[in-house]
Amino acid sequence: MKEYFKHIYQTVSTISIGMNITFKQMFQKSVTIQYPEQRLQLPERERNRLFVNMEDCIGCDQCAKACPVSCIDIETVKVIPGDVVGKTGVTSQGKKKALHVTDFTIDFAKCCYCQLCVFPCPTECIYMTDVFEFSSFNRDVLKYQFADLSPEQGAEKKEMYAKYALEQEEKKKQAAIEAAAKKAADEKSKAEEKPADEKKETDSKTDNKES
Amino acid sequence: MENIFTQWFGNSLLTYILIPVPILVYVSVFALYAVLAERKVSAWMQNRIGPNRTDKFGLLQTILDGLKLVQKEIVNPTRSDKLYFRMAPFIVFTAAFMGYAVLPFSSVFMGVNLNIGLFYFFSITSLGVVGVLMAGWASNNKYSLYGAMRTVAQIVSYEIPTALSAIVVVMLTGTLSMNNYALAQSGGIFNWFIFGGPGDIYKIILIPIMVISVVILFISTLAETNRTPFDLTEADSELVAGVHIEYSGMLFAMFFFAEYAQMFAVSGVIATLFLGGWQSPFGDLIPFLNTPVFQVLWFLGKGLFLVFVQIWLRWTLPRVRIDQLMTMCWKYLIPITLVNLFLVGLYMLIFK
Ligand code: SF4
Ligand code: SF4
């Protein structure tokens, strides 16, 4: 019987506490932010869309290797002597840039914003920004090209390198031929010297056998 | 209202078709804005803003929602009973709406002044159960059927405390006509039945009994309208949406209309029985406030206040379990109402 009235008392008192709270809440300022009009100030390095500072990128491909979904595509071309990458040829920390980055695409449709690509970068030039509104109706739009060389320039650089490589190849071949010739010559001269030596050797061998 | 309409249109069929029209208009507008109010109040209670994109304060929200629902296709589930499936929402709504016939909006505006108004009200509104069970059965969906069966169990058992707590007033007034309850409470706020009704000083004894009766009537009508914390019918987390699952478009909206119509109907009954109905709280002090137009305002004010309390409760309490629901009804509400009834009987015997 005591229990019975205790239950009633508990019900009434707890309900009144609850209703009191909700009633008070009604007159409090709402915490909602009217998003498109009002915005929160996000931290600068919020984990959202990536940005690559191409001035500093040395094209080392570390980020692409770290990416778990392989959404970074990097294509590089070696620099030929006499040419510089970008304006200065060095990063802001003074590292020498040895590769032209002809293609640096990040496919944000695939990217899972895990930030794993950010840490391995030796020059800290790939980082996340607070931009998060970039949805689109077309997936191709989400493939962001960061390389500062245009496709034509890229092709030009490739051609230059190909030419240079060819030249080098030629040179190498030349060198190889020369080397071969030299070797042949050496061999020849050696061969001329050899017979006498050989004889001596065979002689000594036979000597050994006999003894 | 009957008198006015017969005066205007004569005693023809047209009169009787026209009488429900203003009430229907009121119910539709009420249902639309009660949905909005529900959303707004819930938002405020949760420190949100609520609908505010349509019009300035989201005033058009539910109207546009309704328009959207009208456009939607009504899907008949395979192997459902088409006729019953389509009929059920209308039965639910009709049952809820028929209750309005006896609600005294003021001393002159009421559908019909039945001499068994209260009795009629309780019997006709509980007919909605048939519609709900029909919907649950015809949907050919186990969750629907579960929901419907729960509703039936719930409503049938809560009929008892509802009726018993209302009978307290019936005993004191000796009438079943809704208008007479309001008439019996004339003369200011202290003559309302929540404060013991008109009478001499001994009525003070009645006050606690009456307050308890109001609370019990409120709780049990809450259960009858399937509002939280008694919304086991819908129970989103267990039954997805109960009987609403298979419904779409306007049929779905019909259920909502019915729910909100019922909310106001039961609030109106509580207001009439205990809160003075259309009586102004100032009684005869300011006779101007007791003219028919103001009476409507008083009645609506009281009804809407109770609707607000329903909404308020909904956003405060979690849903009860089915065994708790039944325990509450059979172990607490019914015995207490019976004791109330006995005490009021004793009071009548001694003081009247
Ligand atoms: S954030 Fe993750 S998924 Fe996106 S590019 Fe970097 S490593 Fe790849
Ligand atoms: S890790 Fe950094 S430097 Fe290397 S390719 Fe990626 S962005 Fe460029």
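In this text the structure is predicted, and so the values were computed from the model without any measurement. (Residues numbered from 1 in each chain as written. Chains lettered and ligands numbered in written order. Predicted model: local features only at pLDDT ≥ 70, side-chain atom pairs only at ≥ 80, totals over all residues. Heavy atoms only, no water.)

Caption draft 1: View of the domain arrangement of chain A. Residue and element names in this part refer to chain A. Looking at chain A, the domain boundaries give domain 1 (50-149) and domain 2 (155-210). Counting from both sides, the interface comprises 9 residues of domain 1 and, opposite them, 5 residues of domain 2. Looking at the side of domain 1 facing domain 2, the largest losses of area belong to Val77, Lys78 and Ile80, adding up to 53% of the total buried there. Linking domain 1 with domain 2 are 1 salt bridge, by the criterion used here. Here Lys158 makes a salt bridge to Glu75, at a shortest N to O gap of 3.0 Å. At the boundary of domain 1 with domain 2, the tally comes to 1 residue pair in polar contact (both at pLDDT 80 or more). When contributions to the side of domain 1 that touches domain 2 are tallied by element, the ones reaching two or more residues are β2 (72-78) and β3 (99-107). At 3 residues, the largest contribution of residues to the side of domain 1 that touches domain 2 is made by β2. Classifying every residue of the side of domain 1 that touches domain 2 by side-chain character gives 4 nonpolar, 2 polar and 3 charged. (Domains from an automatic or database assignment. Contact = heavy atoms within 4.5 Å. Buried area = accessible area lost by both parts, 1.4 Å probe. Salt bridge = Lys/Arg side-chain N within 4 Å of Asp/Glu carboxyl O. Polar contact = N/O pair within 3.5 Å; in protein donor to acceptor, adjacent residues only side chain to side chain. Helix = DSSP H or I, 4+ residues; strand = E, 2+ residues; numbered from the N terminus. Nonpolar A, V, L, I, M, F, W, Y, C, P; charged D, E, K, R; others polar.)

Caption draft 2: Representation of the sheet that holds β2(A). All names here are of chain A. With respect to topology, 3 strands assemble into an open sheet ordered β2-β3-β5, the strand pairing being antiparallel. The two strands at the open ends of the sheet, each matched to only one other strand, are β2 and β5 (143-145). Within the sheet, the average angular offset between the axes of one strand and its neighbour, ignoring direction, is 15 degrees. Pairing of β2 with β3, which is carried by 7 bridges, proceeds in the antiparallel orientation. Its bridge partner lying in β3, Val77 is registered against His100. (Pairing = 2+ DSSP bridges. Axes fitted to C-alpha atoms, helices over the stretch in contact; angles between N-to-C directions.)

Caption draft 3: Highlighting the packing of aromatic side chains. Residue and element names in this part refer to chain B. Counted by the stated rule, this structure contains 32 aromatic pairs over all chains. Aromatic pair Tyr158 and Phe230: ring centres 5.7 Å apart, planes at 50 degrees, arrangement tilted. With Tyr158 in helix α8 (residues 142-173) and Phe230 in the loop between α10 (206-224) and α11 (236-239), this residue pair connects regions lying 72 residues apart in the sequence. For the pair formed by Tyr158 and Phe230, the shared burial category is buried. (Phe/Tyr/Trp six-rings, centres within 6.5 Å; stacked < 30°, edge-to-face > 60°. Buried < 20%, exposed > 50% of the residue type's maximum accessible area, 1.4 Å probe, protein only.)

Caption draft 4: Representation of the state of the cysteines in the model. Counted under the stated rule, the structure contains 0 disulfides over all chains. Among the cysteines around Cys112(A), which has no disulfide bond, Cys114(A) carries the closest sulfur, lying 3.9 Å off. (Disulfide = S-S within 2.5 Å.)

Caption draft 5: Here's a closer look at the pattern of salt bridges. Inspection of every chain in the model, using the stated rule, returns 10 salt bridges over all chains. Three or more residues are tied together by salt bridges with common partners; here these are Glu38(B), Arg227(B), Glu259(B) and Arg314(B).

Caption draft 6: Just the interface of chain B and chain A, in detail. Facing the 19 residues of chain B at the interface are 17 residues of chain A. Contact between chain B and chain A buries roughly 1,600 Å² in total, counting both sides, with carbon and sulfur atoms accounting for 62%. Inspection of the region where chain B meets chain A yields 1 salt bridge. Glu37(A) is the salt-bridge partner of Arg53(B), the closest N and O atoms lying 3.3 Å from each other.

Caption draft 7: Spotlight on helix α6 (residues 117-125) of chain B. All names here are of chain B. Within α6, 7 of the 9 residues are buried, which leaves it mostly tucked inside the rest of the structure. Within α6 the residues assigned to the buried category are Gly117, Leu118, Tyr120, Phe121, Phe122, Ile124 and Thr125. As for α6, its buried residues are in contact with α5 (82-98), α7 (128-138), α8, α9 (178-184) and α12 (249-274).

Caption draft 8: The arrangement of the packing of α5(B) against α7(B) in detail. Residue and element names in this part refer to chain B. Packing of α5 against α7 brings their axes to within 8 Å, and their N-to-C directions diverge by 160 degrees. With respect to α7, the element α5 is oriented roughly antiparallel. For the crossing formed where α5 meets α7, the hand is left-handed. On the side of α5, the interface is formed by Tyr84, Phe85, Met87, Ala88, Ile91, Val92 and Ala95, while α7 contributes Gly128, Gly131, Val132, Met134, Ala135 and Ala138. (Parallel < 35°, antiparallel > 145°, perpendicular 65-115°, else oblique. Left-handed = near helix turned anticlockwise from the far one by under 90°.)

Caption draft 9: Examining the site of ligand 1 more closely. Taken together, 14 residues lie near ligand 1, and Cys67(A), Cys111(A), Cys114(A), Gln115(A) and Cys117(A) sit nearest. Considered class by class, the residues forming the shell around ligand 1 number 13 nonpolar, 1 polar and no charged. (Near = heavy atom within 4 Å.)

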